[in-house]
Amino acid sequence: MRFFISHLVTLCFIFCVSDSTHFSEEGNKGYGPVFEEQPIDTIYPEESSDGQVSMNCRARAVPFPTYKWKLNNWDIDLTKDRYSMVGGRLIISNPEKSRDAGKYVCIVSNIFGTVRSSEATLSFGYLDPFPPEEHYEVKVREGVGAVLLCEPPYHYPDDLSYRWLLNEFPVFIALDRRRFVSQTNGNLYIANVEASDKGNYSCFVSSPSITKSVFSKFIPLIPQADRAKVYPADIKVKFKDTYALLGQNVTLECFALGNPVPELRWSKYLEPMPATAEISMSGAVLKIFNIQYEDEGLYECEAENYKGKDKHQARVYVQASPEWVEHINDTEKDIGSDLYWPCVATGKPIPTIRWLKNGVSFRKGELRIQSLTFEDAGMYQCIAENTHGIIYANAELKIVASPPTFELNPMKKKILAAKGGRVIIECKPKAAPKPKFSWSKGTELLVNGSRIRIWDDGSLEIINVTKLDEGRYTCFAENNRGKANSTGVLEMTEATRITLAPLNVDVTVGENATMQCIASHDPTLDLTFIWSLNGFVIDFEKEHEHYERNVMIKSNGELLIKNVQLRHAGRYTCTAQTIVDNSSASADLVVRGPPGPPGGIRIEEIRDTAVALTWSRGTDNHSPISKYTIQSKTFLSEEWKDAKTEPSDIEGNMESARVIDLIPWMEYEFRIIATNTLGTGEPSMPSQRIRTEGAPPNVAPSDVGGGGGSNRELTITWMPLSREYHYGNNFGYIVAFKPFGEKEWRRVTVTNPEIGRYVHKDESMPPSTQYQVKVKAFNNKGDGPFSLTAVIYSAQDAPTEVPTDVSVKVLSSSEISVSWHHVTEKSVEGYQIRYWAAHDKEAAAQRVQVSNQEYSTKLENLKPNTRYHIDVSAFNSAGYGPPSRTVDIITRKAPPSQRPRIISSVRSGSRYIITWDHVKAMSNESAVEGYKVLYRPDGQHEGKLFSTGKHTIEVPVPSDGEYVVEVRAHSEGGDGEVAQIKISGQTVDMFSYLIIFLESTIQ
């Protein structure tokens, strides 16, 4: 009796305090400030006419928050006229650098707490003008490199971009392999000065942050004529050690002076270049986009011309701003409970963690609070920072206190438990602090025993359930705020049991396998079967090609595995389950098949043509390995090829072998494939990439020849050897040559492995002289064999004779014919005809070249009624001979622009009579001499051409289909515009004649 009175009091207490608890929850619907917009770093141009700058700050909160601002940790007096606020947005009127520059923080508060925004810097941007002083002339010998200094004026921020003006604005110099503008210091670099570089140069500087540009006083550059000299590569633009942030784009600059212009090559020391790296067209700029940690390393720029090379190295370091791995979120905790708030950030250097509570410094490192009280509630901010940045994570901590209630999570009204099984009855009221729990069955108070246990979270566990355990169970919850209870009924069901378990199965790849599984269960419950392989549930929809289950027979969960593969081997578990309990049984499927991939490939004893490989055995898949095959791959091909080995047959019990007949100084990858009686397995993972040792070349260049070229030159050519025959580093060619009959060979070195041409210049070299030449390859390990000796001839002299009897015949307003007499020199390869209008300069002359078999040519597309100058010269591979005398001609006036107007087309028996109006030429056009009439089938271009001086012509009636009659005026200037009409062989009535006549008139 006392037990029922106690619980009656408990129910009364819960009912009495429910109103006050409900009121408290209504009050908790508010929340602390949550930032929607925070201030950002701002640059205000000092010359701005805006007159104000704003820092944005906006947060949502209930009740509505209040805002205040700090500048350099001092409160801003918002009562001053200079400041105004719209919501949380701070507006500063007439900003001044001396009093407004600094770090701004927005602080937002309401009754639940306070949060601080991230710091935002207000800075003042400027770009001063260049000094007004004039620059001295810069005189540089042609062929020598030059550097024009920009020396930008004082500025902020340091985000300038640079270009150079030539002579006037806005003519900017075009950058190429010879000229480069550094975006680091603005200087203009010219690899070697040419006569065309003469001019006045000005450095043009732009600041994108304040949208302002200035340019310097012009610097006169005066090239000094000099005999062409060569200078080795000399790197003047050198990138420095660079610190980049993860994900940024990085730019490295490298440029060299030298004559000829040096080739620039980029590399990463001992590593491949990043996949996102791009090199500019000139080769002077390396850009790495979205840089990652693995892109860190030593980068090298190499500049080279045939006179010499230069190298520069610097390191790129990749670091990172803080980034959240795990951050805090709004949290509700019971009063008196413990709090551990994980807040983890990554970055390089590793970020430090500190905390703010309601905008005030609180703690450092991890946050743990024991026995929470209402005073611990508020707005918390976790701050992670390193040298590259700072990030904030904001969250509100609410402390909850309430009596137990089952309103949101009552006990289940009906709980099922399997006979002989285990059941857990949950009891999860809402309560703060955590309540104490007790249980009763009917009127019996339950205590922990051998079969019954009350867990800390309030759940009741019963094991070995029997019929006697059925009944009504009540959970009682009590804390210092009140009491509550909830009741449910426990019923017992028959247990689920596997009656026919699966058996172990042994199959070969490609066969089918069956796993049986039959179970008994409570007839009032639904039974389902779940199959898993090695602990992972099988998805029959995704794996329908291989897995199928029997759904036709009740209580039968038989599994069919079709076309078994190696991956299907393992432990299969059949689970028969109802909503109350389950039962499982397992069996193994053994799959025999080709071997798995070998592992652990190691490469040892690297030589020039051989390496030693060791590996570890892979799975044999229940059939002994009979042999191994080693395959190799180089960058020359994506195809894996069987490698030659010692021994040639690698037996299945071996785990090492030598690979022979490799190419020296070649990068290789290797993989290994195992084979057994059931087939060949998957290949191993590729080995690490290695490079064989170098060796002297053993192949000579082919197709050695040459000859020709300009005066006093000997041109030697050969077919460059492909990369696979380089056999070592510092690969190049040695070119040997001598006049025919002499004993002493002259040798020169060509260091570019891709070049197959060398030109020797010697002013004393006689033309068309017979030379013997040969070429061999070399590398850092030695020289290769010479090629076969070839016989070539030095360049012949340019022609010296002048073509004679140059005559010109005017053909029309746009065409003339030019003829001449040949010169007697046998070395002539052809003739060049130059022509230019009298009002143009000779430098603008157009050129036509013909072979030495031609005595005349036609010049087309000339301007009507225009005077032209024409000359002819002979040429060969050494150059052009002197031009003939200049011949002047005037082209004809243009042909009439008016087209004939066809006025009638009349059929008369077997003829058509076509009539048109006379064409009158304008004063600047050639007079009409007659008319040309083309009579052709419609759709074809060929036909019969008639000429007439009349305004009419008769043509035959077409025997089949339609014909087109084209009429055009003819003059000495050529043919005029075309008028046309269609005629047909079909009989037409008078109305059709009238239509034809009208159409002709309209034309």
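For every chain, the first residue of its written sequence is number 1, and the numbers climb from 1 along that sequence. Totals for whole chains, interfaces and linings use every residue, but because this is a predicted model, local features are given only for residues with pLDDT of at least 70 and side-chain atom pairs only at 80 or more, for both listing and counting. Side-chain metrics in this entry use all non-hydrogen atoms of the structure; hydrogen atoms and water are not considered.

An unreviewed UniProt entry annotates the chain as Contactin-1 originating from Meleagris gallopavo. Per UniProt, the comment on the chain under Subcellular location (unreviewed entry) is "Cell membrane". UniProt positions are given in the numbering used here, feature names are shortened, and annotations may be inferred rather than shown by experiment.

A. Geometry of the overall build of the chain. Per the secondary structure count, the chain includes three helices and 90 strands. Only the C-alpha atoms count toward the radius of gyration. The rule for a globule is 2.2 Å times the residue count to the power 0.38. Against the 2.2 N^0.38 benchmark of 30 Å for 1003 residues, the chain shows a C-alpha radius of gyration of 48 Å, more extended than a compact globule. Along the longest, intermediate and shortest principal axes, the C-alpha atoms of the chain span 145 × 95 × 95 Å. Burial classification: accessible surface area is computed with a 1.4 Å probe over protein chains only, and a residue below 20% of its type maximum counts as buried, one above 50% as exposed, and the rest as partly exposed. Across the 1003 residues of the chain, 44% fall into the buried class. Runs of E in the DSSP output that reach at least two residues are strands. Runs of H or I that reach at least four are helices, and both are numbered from the N terminus.

B. Structural view of the nonpolar core. The biggest cluster of nonpolar side chains holds 28 residues, and the ones touching the most others in it are Phe239, Leu252 and Phe255. Among the elements of the structure, strand 22 (231-238), strand 24 (250-259), strand 25 (263-268), strand 27 (285-288), strand 28 (297-305) and strand 29 (308-326) are those that each provide at least two residues to this core. In terms of residue count, strand 24 provides more of this core than any other element does, six residues in total. Contacts are residue-level and defined by heavy atoms, with any inter-residue pair within 4.5 Å sufficient. Residues contacting phenylalanine 239, with those up to four places away along its chain left out, are Leu252, Glu253, Cys254, Trp266, Tyr299, Glu300, Cys301, His312, Gln313 and Ala314. The criterion is simple. A nonpolar core is a set of buried Ala, Val, Leu, Ile, Met, Phe, Trp, Tyr and Cys residues joined through side-chain atoms within 4.5 Å.

C. Layout of the state of the cysteines. Disulfide: a pair of cysteine sulfur atoms within 2.5 Å of each other. One pass over the structure, following the stated rule, counts six disulfides. A sulfur-sulfur separation of 2.0 Å characterises the disulfide bridge that pairs cysteine 254 with cysteine 301. Where cysteine 254 bonds to cysteine 301 through sulfur, the torsion about that S-S bond is close to -80 degrees, and the disulfide is left-handed. With cysteine 254 in strand 24 and cysteine 301 in strand 28, the pair connects residues that are 47 residues apart, well separated along the chain. Residue pairing for cysteine 427: its cysteine sulfur links by disulfide to cysteine 475, the two sulfurs lying 1.9 Å apart. The sign of the S-S torsion, about -80 degrees, decides the handedness of the disulfide formed by cysteine 427 and cysteine 475: left-handed. With cysteine 427 in the loop between strand 40 (423-425) and strand 41 (430-432) and cysteine 475 in strand 46 (residues 471-479), this residue pair connects regions lying 48 residues apart in the sequence.

D. Molecular detail of the pattern of salt bridges. Every case where a carboxyl oxygen of Asp or Glu lies within 4 Å of a side-chain nitrogen of Lys or Arg is listed as a salt bridge. Throughout the structure, instances matching the rule amount to 50 salt bridges. With its nearest N and O atoms 2.8 Å apart, the salt bridge here joins glutamate 366 to arginine 368. The network of salt bridges with common partners includes Asp176, Arg178, Arg179, Glu194 and Asp197.

E. Structural view of the sheet that holds strand 88 (residues 952-956). Whether two strands pair depends on DSSP finding at least two bridges between them. Taken together, three strands build an open sheet; the order of strands is 84-85-88 and the sheet is antiparallel. Across the chains shown, the open sheet's two edge strands, defined by having one partner strand only, are strand 84 (902-908) and strand 88. The sheet shows a mean angle of 20 degrees between the axes of neighbouring strands, taken without regard to direction. With five bridges joining them, strand 85 (residues 911-916) and strand 88 adopt antiparallel strand pairing. Each residue of the ladder has a partner; that of isoleucine 913, found in strand 88, is glutamate 954. Here the axes come from fitting lines to C-alpha atoms, over the contacting stretch only for helices, and the angles between their N-to-C directions go from 0 to 180 degrees.

F. Layout of the pairing of strand 2 (residues 42-45). Only one face of strand 2 is covered, namely the face carrying Thr42 and Tyr44; the face carrying Ile43 and Pro45 is uncovered. Alignment of strand 2 against strand 11 (residues 120-127), held across four bridges, turns out to be parallel. Bridging from a neighbouring strand, isoleucine 43 pairs with serine 123 of strand 11.

G. Broad picture of the confidence of the model for the chain. Per residue, pLDDT measures the predictor's confidence, with a range of 0 to 100. Per-residue pLDDT for the chain averages 89, and the proportion of residues at 70 or more is 95%. Note on residues 1-27: pLDDT under 50 across the span, and 22 contacts to partners over four residues away in sequence or across chains. Taken as a whole, residues 988-1003 scores under 50 in pLDDT and shows 18 contacts with residues more than four places along the chain or in a different chain.

H. View of a nonpolar patch on the surface. Here the term patch refers to residues with relative accessible area over 30% and no salt bridge, with like charges joined within 9 Å and nonpolar side chains (Val, Leu, Ile, Met, Phe, Trp, Tyr) within 5 Å. Calculation of accessible area relied on Shrake-Rupley with a 1.4 Å probe; when residues are assessed, cover is drawn exclusively from the protein chains displayed. Taken together, the side chains of Phe740, Val791 and Tyr793 present a nonpolar region at the surface, about 310 Å² in accessible area. Relative to the elements of secondary structure, phenylalanine 740 occurs in the loop between strand 70 (732-739) and strand 71 (746-750). Since its relative accessible area comes to 48%, phenylalanine 740 is described here as partly exposed.

I. Quick look at the packing of aromatic side chains. Each aromatic pair joins two rings of Phe, Tyr and Trp (for Trp, the six-membered one) with centres within 6.5 Å, and gets the label stacked for planes under 30 degrees apart, edge-to-face for over 60, and tilted for any other angle. For the structure shown, the criterion picks out 25 aromatic pairs. Judged by centre distance (5.7 Å) and plane angle (80 degrees), the rings of phenylalanine 362 and tyrosine 380 are edge-to-face. Taken together, the residues phenylalanine 362 in strand 34 (residues 360-364) and tyrosine 380 in strand 36 (residues 378-386) connect sequence positions 18 residues apart. You can call phenylalanine 362 partly exposed: its relative accessible area is 29%. With centroids separated by 6.4 Å and ring planes inclined at 55 degrees, the aromatic side chains of tyrosine 835 and tyrosine 868 adopt a geometry described as tilted. With tyrosine 835 in strand 78 (residues 830-837) and tyrosine 868 in strand 81 (residues 867-876), this pair connects stretches of sequence that are 33 residues apart. In this structure, tyrosine 835 and tyrosine 868 share a single accessibility class: buried. Through pairs of rings, three or more aromatic residues link up here, namely Phe169, Phe172, Phe204 and Phe215. Whether a charge sits over a ring comes down to the Lys NZ or Arg CZ being within 6 Å of the ring centre and within 35 degrees of the ring normal. In this structure, lysine 774 is placed above the aromatic ring of phenylalanine 786, and the distance from its NZ or CZ to the ring centre is 4.5 Å.

J. How the structure looks around the UniProt feature "domain: Fibronectin type-III" (unreviewed entry) in the chain. The UniProt entry lists residues 597-695, 700-797 and 802-897 under the feature "domain: Fibronectin type-III" (unreviewed entry), expressed in the numbering used here. Taken end to end, residues 802-897 is 0% helix and 49% strand, and its first and last C-alpha atoms sit 41 Å apart.

K. How the structure looks around the side chain of serine 813. By secondary structure assignment, the location of serine 813 is in the loop between strand 76 (804-810) and strand 77 (816-821). What qualifies as a polar contact is a pair of N or O atoms within 3.5 Å, subject to a donor-acceptor requirement within protein and to the restriction that residues adjacent in sequence count only when both atoms come from side chains. There is a polar contact of 2.9 Å between the side chain of serine 813 and the backbone oxygen of glycine 973. Leave out the neighbours within four places in its chain, and serine 813 touches Leu862, Lys863, Pro864, Thr891, Arg892, Lys893, Ala894, Pro895 and Gly973.

L. Looking closely at the sheet that holds strand 46. Taken in spatial order, the five strands make up an open sheet running 39-47-46-42-43, and their pairing is mixed. In this open sheet, the two edge strands, each paired with only one partner strand, are strand 39 (414-418) and strand 43 (444-446). Sheet twist, expressed as the average angle between the axes of neighbouring strands with direction ignored, equals 35 degrees. Note: strand 46 against strand 47 (residues 482-493), nine bridges, orientation antiparallel. Within strand 47, the residue paired with tyrosine 473 across the bridge is glycine 488.

M. Structural detail: a negative patch on the surface. For this count, His and the chain ends are skipped, Lys and Arg are scored as positive, and Asp and Glu as negative. Lys charges are placed at NZ, Arg charges at CZ, Asp charges at CG and Glu charges at CD. Taken together, the side chains of Asp539, Glu541, Glu543 and Glu545 make up a negatively charged region of the molecular surface. Positionally, glutamate 543 belongs in the loop between strand 53 (536-537) and strand 54 (547-549). Judged by its relative accessible area of 31%, glutamate 543 falls in the partly exposed class.

N. Expanded view of the environment of asparagine 621. Relative to the elements of secondary structure, asparagine 621 occurs in the loop between strand 59 (611-616) and strand 60 (625-633). Overall, asparagine 621 belongs to the buried group, its relative accessible area being 15%. Sequence-wise, asparagine 621 and glycine 482 are 139 residues apart; in three dimensions their C-alpha atoms are separated by 66 Å. Contact partners of asparagine 621, with chain neighbours within four places excluded, come to Leu566, Val591, Arg592, Gly593, Pro594, Pro595 and Gly596. Here proline 594 takes part through its backbone oxygen, which lies 2.6 Å from a polar atom of the side chain of asparagine 621.

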